[in-house]
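The lines below spell out each chain.
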Amino acid sequence: MLVKDVMTKEVHTVEVPGSRSTVLKTLVKHNISGVPIVKKGNKKLTGIITRSNIIKNPGEDQIAMLMTRELITAQPDEKIETVIVKMIENDIRRLPIVENGNLVGIVTSSDILSNVLWKIKNDDPVEKYMIRSVPSAWEETPLVIAFFIMESFGFKSMLLLSGEGKVTGIITETDFIKESRLVEEKVVHNSSVSTEGDKWSWNSQSVLYVIKNKLNFSEKTLKDVANKNVISVTRKTTVEECATKMKQNNIEQVPVVNMENEPIGILRSSDLMQAALEKDDFE
């Protein structure tokens, strides 16, 4: 199977020059997590911006400063296996497809799941590929604390737990962004210089104001924002069954739970890609 058989041809893009607000509006409007950046007036690919770029650089407004410039790309006639390898090796979820430097499509982990992964026969249990260390927090945890926990794990999602440790929901980076706003924070630095001991003594004081932007989250808790319709699997669910369930529900990660609905891991689309490469059963 070739890239052109899987890629999305109608790509949402943002032009440079431009501002963060344009990117955010595009991400929210189309419910996507990243967007290619093209030169104004043409399809020349110049960069890409993801939710992570925005979160990690709250003080930057210009697209040219926010975007990732060192791009991993593919061409339409490449085999889809090469795209999967590139995505796994570079820990990315989307790959712009270019011809002669122009953007002609995009392949996301969702595209690969929907068009490739669920078709591969794999009877291995998901416990073979699942991630066992998963960010999770009590469902009453404030968003600002929960976001810090998720970031410390390097994940794009986290699980909600009841007081009894049962899975009650899941929240993604997108949900956090929707509940955040950019605010200015003023930091004051004082310094003074003086002389002593004679009638010509003097005092001088300077004040430096530094304005920084940061993301502020609403006062809501996890349970106020998260998706409570949780699709889960058990450790013995097969990879093939899991891929099919994720495709049917249009999700890119699924919690793995025990018989008491307690979390024991999570399986992401990237983990399914790794399983597919090991099977080497691409049509």
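Look up: the structure comes first, before these words.
The structure reproduced in this document is the subject of the present report.

## Details of helix 9 (residues 239-249)
For helix 9, the complete set of buried residues consists of Val239, Glu240, Cys242, Ala243 and Met246. Here the buried residues of helix 9 occupy an arc of 165 degrees about the axis, which is enough to place them on one side. Along its buried surface, helix 9 packs onto helix 5 (109-115), strand 11 (253-257), strand 12 (263-268) and helix 10 (269-279). Just downstream of helix 9, Asn250 is the residue with a positive phi angle, here 55 degrees.

## So, the packing of helix 4 (residues 80-89) against helix 10
It is the contact of helix 4 with helix 10, at a shortest axis distance of 10 Å, that shows an interaxial angle of 130 degrees. The angle between helix 4 and helix 10 falls in the class oblique. The handedness of the crossing between helix 4 and helix 10 comes out as left-handed. For the pair helix 4 and helix 10, contact is made by Glu81, Ile84, Val85, Met87 and Ile88 and by Ser270, Met273, Gln274 and Leu277, respectively.

## Description of the pattern of salt bridges
Counting across every chain of the model gives 13 salt bridges. Linking Lys86 and Glu78 is a salt bridge whose minimum nitrogen-to-oxygen distance equals 3.3 Å. Using a relative accessible area of 22% as the deciding quantity, one classes Lys86 as partly exposed. The exposure class of Glu78 is partly exposed, given its relative accessible area of 21%. We note a salt bridge from Glu262 to Lys166, for which the minimum N-O separation is 3.8 Å.

## Section: helix 10
Those residues of helix 10 that fall on the buried side of the exposure criterion are Ser269, Asp271, Leu272, Met273, Ala275 and Ala276. Those residues of helix 10 hidden inside the fold are in contact with helix 4, helix 5, helix 9 and strand 12.

## With respect to the sheet that holds strand 3 (residues 45-50)
On the basis of which strands lie adjacent, the open sheet formed by three strands has the order 1-2-3 and mixed pairing. The sheet is open, and its two borders are formed by strand 1 (14-16) and strand 3, each paired with just one other strand. Strand-to-strand twist across the sheet, computed as the mean angle between neighbouring axes with direction ignored, equals 35 degrees. Sitting on the sheet, helix 1 (residues 20-30) touches strand 1, strand 2 (34-39) and strand 3, and the angle it makes with strand 2 is about 130 degrees.

Basis of the calculations
Residues numbered from 1 in each chain as written. Predicted model: local features only at pLDDT ≥ 70, side-chain atom pairs only at ≥ 80, totals over all residues. Heavy atoms only, no water. Buried < 20%, exposed > 50% of the residue type's maximum accessible area, 1.4 Å probe, protein only. Helix = DSSP H or I, 4+ residues; strand = E, 2+ residues; numbered from the N terminus. Arc of directions from axis to C-beta. Contact = heavy atoms within 4.5 Å. Axes fitted to C-alpha atoms, helices over the stretch in contact; angles between N-to-C directions. Parallel < 35°, antiparallel > 145°, perpendicular 65-115°, else oblique. Left-handed = near helix turned anticlockwise from the far one by under 90°. Salt bridge = Lys/Arg side-chain N within 4 Å of Asp/Glu carboxyl O. Pairing = 2+ DSSP bridges.

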